[in-house]
Amino acid sequence: MQMTKGKQLYEGKAKIVYATDDPKQVIQYFKDDATADNAKKRGSILDKGSVNNQIASHLFQLLEKEGVPTHFIEQLSDREMLIKHVEIVPLEVTMRNITAGGICRTLGIEEGIVLNPPVFEWHYKSDELDDPLINDDHILYALKAATVEELALIKKLSIQVNDFLKAYFAERKIDLVDFKLEFGRYDGQILLADEISPDTCRFWEHGTRRKLDKDRFRRDLGDVESAYQEMLKRVVG
Ligand code: TMP
């Protein structure tokens, strides 16, 4: 599709959003920049932007077929995705199938415990506050960030995404440990937005538990680029 890239609307830690000649559509550009610990650690992962765009584009298309509405319209190039111009709901959903990262720190439990049923968390999307863990009452009555109906729908869609992705990755010999989702409002609808990639998920190779995600960068484990390439091969290849 011929699409004119307009002015930059927003630059985040890993992506830039550009206007197009249609106000209802924007271009999401994926950078190689990597941050961790709320940008206290900064670096770059070679070709991460390309890998994440390809993985996210592929997964969004599969999820659409499963009945999960997403902001994805079309992959325009290596690093560019055409998306619906949503208003992001200032919440981050975390779904956890195995303990790692935040839940281990918050609850003082060890990494690698299987969570069945999975654990669902709301976080308030705020860099200043370090994306704190919050509950429904915080969202509805303190922040007034979403309605009861929106929360119910986001939770239902997140569980649907987890059920699908867990099985999809299992077929590829990958344990889906956890992931973060963001949603947006568009024409009265709630759409799955942002990205699904090794930046926003934890992936462990089944059996060996080798980490194939951004934890290699966060924890200075080495072989970061090859882990991203391995995930691209397993997802798209
Ligand atoms: P956490 O264990 O640090 O809370 O992270 C849970 C999942 O969410 C993990 O797969 C990484 C992802 N995540 C993001 O995508 N962005 C973030 O800002 C954070 C904190 C986590």
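Residues numbered from 1 in each chain as written. Predicted model: local features only at pLDDT ≥ 70, side-chain atom pairs only at ≥ 80, totals over all residues. Heavy atoms only, no water.

A. Just the overall build of the chain, in detail. Tallying secondary structure elements over the chain gives six helices and 14 strands in all. Here the C-alpha radius of gyration of the chain, 17 Å, is about what a compact globule of 237 residues would show, namely 18 Å. C-alpha extents for the chain along the principal axes are approximately 50 × 45 × 35 Å. When burial is assessed residue by residue, the chain has 53% of its 237 residues classed as buried. Taking contacts inside the chain between residues at least 6 apart in sequence as the whole, the part at least 24 apart equals 56%. In the form shown here, the chain has an accessible surface area of approximately 11,400 Å², with 50% of it arising from carbon and sulfur atoms. Once the 34 positive and 41 negative side-chain charges of the chain are each reduced to a mean point, those two points are 2 Å apart. (Helix = DSSP H or I, 4+ residues; strand = E, 2+ residues; numbered from the N terminus. Rg over C-alpha atoms; globule rule 2.2 N^0.38 Å. Buried < 20%, exposed > 50% of the residue type's maximum accessible area, 1.4 Å probe, protein only. Contact = heavy atoms within 4.5 Å. Areas by Shrake-Rupley, 256 points an atom, 1.4 Å probe, with all protein chains shown as cover. Lys, Arg positive; Asp, Glu negative; His and termini not counted. Charge placed at Lys NZ, Arg CZ, Asp CG, Glu CD.)

B. Up close: the pairing of strand β13 (residues 189-193). When you tally the buried positions in β13, you get four out of five residues, the bulk of the element. Across five bridges, strand β12 (residues 174-186) lies against β13 in antiparallel orientation. Note on β13: the bridge partner recorded for G184 is L191. What sits between the antiparallel neighbours β12 and β13 is a turn of two residues, in which D187 has the positive phi angle 50°. (Pairing = 2+ DSSP bridges.)

C. Highlighting the pattern of salt bridges. Taken as a whole and judged by the stated rule, the model has 29 salt bridges. Across the pair R234 and E230 runs a salt bridge whose closest N-O atoms are separated by 2.7 Å. In this pair, R234 and E230 both sit in helix α6 (residues 224-236), four residues apart, roughly one turn of the helix. Each member of the pair, R234 together with E230, is buried. One network of salt bridges, with partners in common, ties together K15, K125, K180, E182, D194 and E195. (Salt bridge = Lys/Arg side-chain N within 4 Å of Asp/Glu carboxyl O.)

D. Region of interest: the sheet that holds strand β2 (residues 15-19). Taken in spatial order, the five strands line up as β1-β2-β3-β7-β6 in an open sheet, and their pairing is antiparallel. Each of the sheet's edge strands pairs with one partner strand only, and the pair in question is β1 (8-11) and β6 (72-75). In this sheet, adjacent strand axes meet at a mean angle of 25° when their direction is disregarded. Where β2 and strand β3 (residues 25-30) come together, five bridges link them in antiparallel fashion. The residue of β3 that forms the bridge with K15 is F30. This element, helix α1 (residues 48-65), spans β3, β6 and β7 (80-84) of the sheet and lies at about 135° to β6. (Axes fitted to C-alpha atoms, helices over the stretch in contact; angles between N-to-C directions.)

E. Spotlight on unusual backbone geometry. Cis geometry marks the peptide bond from N116 to P117; its omega dihedral reads 5°. Within the secondary structure layout, P117 lies in strand β10 (residues 114-124). Backbone geometry places D131, a non-glycine residue, at a positive phi of 45°. Checked against the element boundaries, D131 lands in the loop between β10 and β11 (133-134). Even without glycine at this site, D187 takes up a positive phi of about 50°. Assignment of secondary structure puts D187 in the loop between β12 and β13.

F. Molecular detail of the state of the cysteines. The tally for this structure, following the rule as stated, stands at zero disulfides. Free of any disulfide, C104 has its nearest cysteine sulfur in C201, 17 Å distant. The class for C104 is buried, based on a relative accessible area of 13%. (Disulfide = S-S within 2.5 Å.)

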